[in-house]
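# Structure assessment
Listed below are the residues making up each chain.
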Amino acid sequence: MAGQGEHDLNCLTIEELENHAHGMMDKQTRDYYNEGSDSNSTLRENTTAYNKYRIRPRVLRDVSKVDSTMDVFGHKNNIPMGVAPTAMQALAHSDGELGTARACKKAKVAMGLSSFSTKTLEEVAEASGDNPHVLQLYLFEEREHSRKLIQRAKKAGFKAVFLTVDTPFLGRRNGEIRNQFKLPPHLKVGNFAEDQIPMPEGENRSSEAQGKSRPKLERKQSQAGYQDGDKRVLPQGPITFHTHAANPTLSWERDIEWLKQECLPEMEVWLKGIATAEDALLAVHHGVSGIVVSNHGGRQLNGALATIDALPEVVEAVQGKIPVHVDGGIRHGTDVFKALALGADFCWVGRPALWGLAYKGQAGVELMLKLLSDEFKLCMSLAGTVKVEDISKEYLVKMDNSGFVSRL
Ligand SMILES: Cc1cc2nc3c(=O)[nH]c(=O)nc-3n(C[C@H](O)[C@H](O)[C@H](O)COP(=O)(O)O)c2cc1C
Ligand SMILES: CC(C)CC(=O)C(=O)O
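Residues numbered from 1 in each chain as written. Chains lettered and ligands numbered in written order. Predicted model: local features only at pLDDT ≥ 70, side-chain atom pairs only at ≥ 80, totals over all residues. Heavy atoms only, no water.

### Topic: the pattern of salt bridges
Within the structure shown, the criterion is met by 16 salt bridges. With a closest N to O distance of 2.8 Å, Glu122 and Arg152 form a salt bridge. Placement of Glu122 in helix 5 (residues 121-128) and of Arg152 in helix 6 (residues 143-156) is noted, with a sequence separation of 30 residues between them. Classification of Glu122 by relative accessible area gives partly exposed; the value is 32%. Exposure remark for Arg152: the relative accessible area of 24% places this residue in the partly exposed category. Across the salt bridge formed by Asp255 and Arg143, the nearest N and O atoms sit 3.1 Å from each other. Of this pair, Asp255 sits in helix 9 (residues 252-263) while Arg143 sits in helix 6, placing them 112 residues apart in sequence. Accessibility assignment for this pair places Asp255 and Arg143 in one class, buried. Several salt bridges share partner residues, and in doing so they unite Arg143, Arg254 and Asp255 into one network. (Salt bridge = Lys/Arg side-chain N within 4 Å of Asp/Glu carboxyl O. Helix = DSSP H or I, 4+ residues; strand = E, 2+ residues; numbered from the N terminus. Buried < 20%, exposed > 50% of the residue type's maximum accessible area, 1.4 Å probe, protein only.)

What follows is the structure, encoded as structure tokens:
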């Protein structure tokens, strides 16, 4: 645990980190990183829902040696938490995803890399070394581009792909629309910089590649990836997040099987964005290696349950057959403890890493990871748990709006 002298006195909590980061980002970056979709209610609830759960501490249990480590992707992680994939990290600081990867390696926590990173996956793999790193994937309608990316990830030593399944269309992010968000010219989407599809004027790419099984698409520049009335918009030209991240054609039977064939055995296939027991059961049925309970940090379906509230039904449905991870709204070591007590095997944090980067680049991500690690270890000790496996729902109660407390 941190001694008195080892703190950044300007920044002792994730909330303070967020406040520092606020002033270090331009408006378009700040809005892009921080906002959710629509009225942002799911974004807010992801965080506040943790307050409904309170910890029941046990005492006199010799917590002089607490082991907060756990194995994930075949490696010992310092705490049961990693950094979630978030796009375009060089907007926050020039260290970008390389700073995050180096900080994760130093802190011995896993890292998720967005397909839409501002560094290449090969650069990030090199910076990660033997620290576990997974690649978040959007499966493109032009399947050849996804295949190429998967092959590169395999070669670079990624442990798993996390297919994002909550993005048939992009959620409506009003700040992004208002700011007409785009990557500034000095930055590029690292993985696709040279991967543009030249398309002669007038050619309809819906007949290309895997076109036969696809719905008929209209060739038109996407309006920032948002659903365009009844018209399907064909992604075209350079691969950008606005044109290519969303793919409404994905389905369990065709695409999960395809992905497993492309990735296994070198890389595991996980689904990120599961929020119900029914889909968790389908995930098990389709033989994926694990799932992440996620609502994309409140950026997709506003009005969806907070992830900590969706977690119990998923855990109950899965019954330990595959690992269940969770992300969304985790801002304290006690949140990690609560998620584990509700049955998650592992947690991921998104925005706190972006705030760390904005604050001080790699050093800021290191600080963020230290704050959450210290808090989690202290929480384990004060709750009377010595190993991560000890954490169970026995340590939690739930409080309703009128303050009534019930055991879980
Ligand atoms: C700015 C930003 C960019 C994101 N980019 C991606 C992405 O490229 N792919 C993806 O699957 N999820 C993406 N996410 C969602 C995160 O992986 C994660 O689910 C979410 O941030 C967790 O919530 P938290 O930020 O409250 O911790 C992004 C989130 C943010 C805030
Ligand atoms: C659209 C993506 C490239 C990034 C993303 O998932 C997000 O901004 O939430």
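### Let's talk about the pairing of strand 11 (residues 290-293)
Residue alternation in strand 11 divides its side chains into two sets, Gly290 and Val292 and Ile291 and Val293, and both sets are buried. The sheet contact formed by strand 10 (residues 268-274) and strand 11 spans 4 bridges and is parallel. Bridge pairing links Trp270 to Gly290 in strand 11. Considered for its hand, the β-α-β crossover made up of strand 10, helix 10 (residues 277-285) and strand 11 is right-handed. Direction of pairing for strand 11 relative to strand 12 (residues 324-327): parallel, over a ladder of 3 bridges. When the bridges of strand 12 are listed, Ile291 appears paired with Val324. Crossover strand 11 to strand 12 through helix 11 (residues 307-318) is right-handed. (Pairing = 2+ DSSP bridges. Right-handed = clockwise from strand over helix to strand, strands pointing away.)

### Points about the sheet that holds strand 1 (residues 53-55)
Taken in spatial order, the 3 strands make up an open sheet running 1-14-15, and their pairing is antiparallel. Only two strands of the sheet have a single neighbouring strand rather than two, namely strand 1 and strand 15 (405-407). Recorded for the sheet is a direction-independent mean angle of 35° between the axes of neighbouring strands. By the bridge criterion, 3 bridges tie strand 1 to strand 14 (residues 396-399) in an arrangement that is antiparallel. Pairing of Arg54 across the sheet is with Val397, part of strand 14. (Axes fitted to C-alpha atoms, helices over the stretch in contact; angles between N-to-C directions.)

### Some remarks on the site of ligand 2
Contacts to ligand 2 come from Tyr32, Ala87, Phe116, Tyr138, Leu170, Arg173, Phe241, Ala245, His296 and Arg299. Here His296 contributes a side-chain N or O atom positioned 2.7 Å from an oxygen atom of ligand 2. (Near = heavy atom within 4 Å. Polar contact = N/O pair within 3.5 Å; in protein donor to acceptor, adjacent residues only side chain to side chain.)

### Here we look at the environment of Arg152
Remark: the alpha-carbon pair of Arg152 and Leu121, spanning 31 residues in sequence, is separated by 7.9 Å. The residues touching Arg152, leaving out its near neighbours within four places in the chain, are Thr120, Leu121, Glu122 and Asn191. (Contact = heavy atoms within 4.5 Å.)

### Side note on the site of ligand 1
Taken together, 23 residues sit near ligand 1, with Pro85, Ser114, Thr164, Asp327 and Arg331 positioned nearest. One nitrogen or oxygen atom from the side chain of Lys272 is found 2.9 Å from an oxygen atom belonging to ligand 1. Isolated, ligand 1 exposes 600 Å² of accessible area, and the fraction of that covered by the protein chains is 98%. When contributions to the shell around ligand 1 are tallied by element, the ones reaching two or more residues are helix 2 (27-34) and helix 13 (351-360). Here the shell around ligand 1 is built from residues that sort into 8 nonpolar, 10 polar and 5 charged. (Areas by Shrake-Rupley, 256 points an atom, 1.4 Å probe, with all protein chains shown as cover. Nonpolar A, V, L, I, M, F, W, Y, C, P; charged D, E, K, R; others polar.)

### Structural notes on the nonpolar core
Counting 103 residues, the largest nonpolar core has Phe116, Leu137, Leu259, Ile291, Met368 and Leu369 as its most contacted members. Of all the elements, helix 14 (residues 362-383) adds the most residues to this core, at 10 residues. (Core = buried A, V, L, I, M, F, W, Y, C linked by side-chain atoms within 4.5 Å.)

### A look at the environment of Ala306
Assignment of secondary structure puts Ala306 in the loop between strand 11 and helix 11. You can call Ala306 buried: its relative accessible area is 1%. As a C-alpha pair, Ala306 and Ser294 span 12 residues in sequence and 8.6 Å in three-dimensional space. Excluding anything up to four places from it in sequence, Ala306 contacts Glu45, Asn46, Ala49 and Asn295.

### What about the packing of helix 5 against helix 6?
Put simply, helix 5 and helix 6 touch, their axes get as near as 10 Å, and they point 20° apart. Considered as vectors, helix 5 and helix 6 are oriented roughly parallel to each other. For the crossing formed where helix 5 meets helix 6, the hand is right-handed. Taking contact as the criterion, the partners of Leu121, Glu122 and Ala125 in helix 5 are, on helix 6, Leu149, Arg152, Ala153 and Ala156. Residue classes in the contact of helix 5 with helix 6 are distributed as 5 nonpolar, no polar and 2 charged. (Parallel < 35°, antiparallel > 145°, perpendicular 65-115°, else oblique. Left-handed = near helix turned anticlockwise from the far one by under 90°.)

### As for the packing of helix 13 against helix 14
For the pair helix 13 and helix 14, interaxial distance at closest approach is 6 Å and the crossing angle is 135°. Considering the angle they form, helix 13 stands oblique to helix 14. Crossing hand, helix 13 versus helix 14: right-handed. On the side of helix 13, the interface is formed by Pro352, Ala353, Gly356, Leu357, Tyr359 and Lys360, while helix 14 contributes Gln362, Ala363, Gly364, Val365, Leu367 and Met368. Looking at the contact of helix 13 with helix 14 residue by residue, the classes come out as 8 nonpolar, 3 polar and 1 charged.

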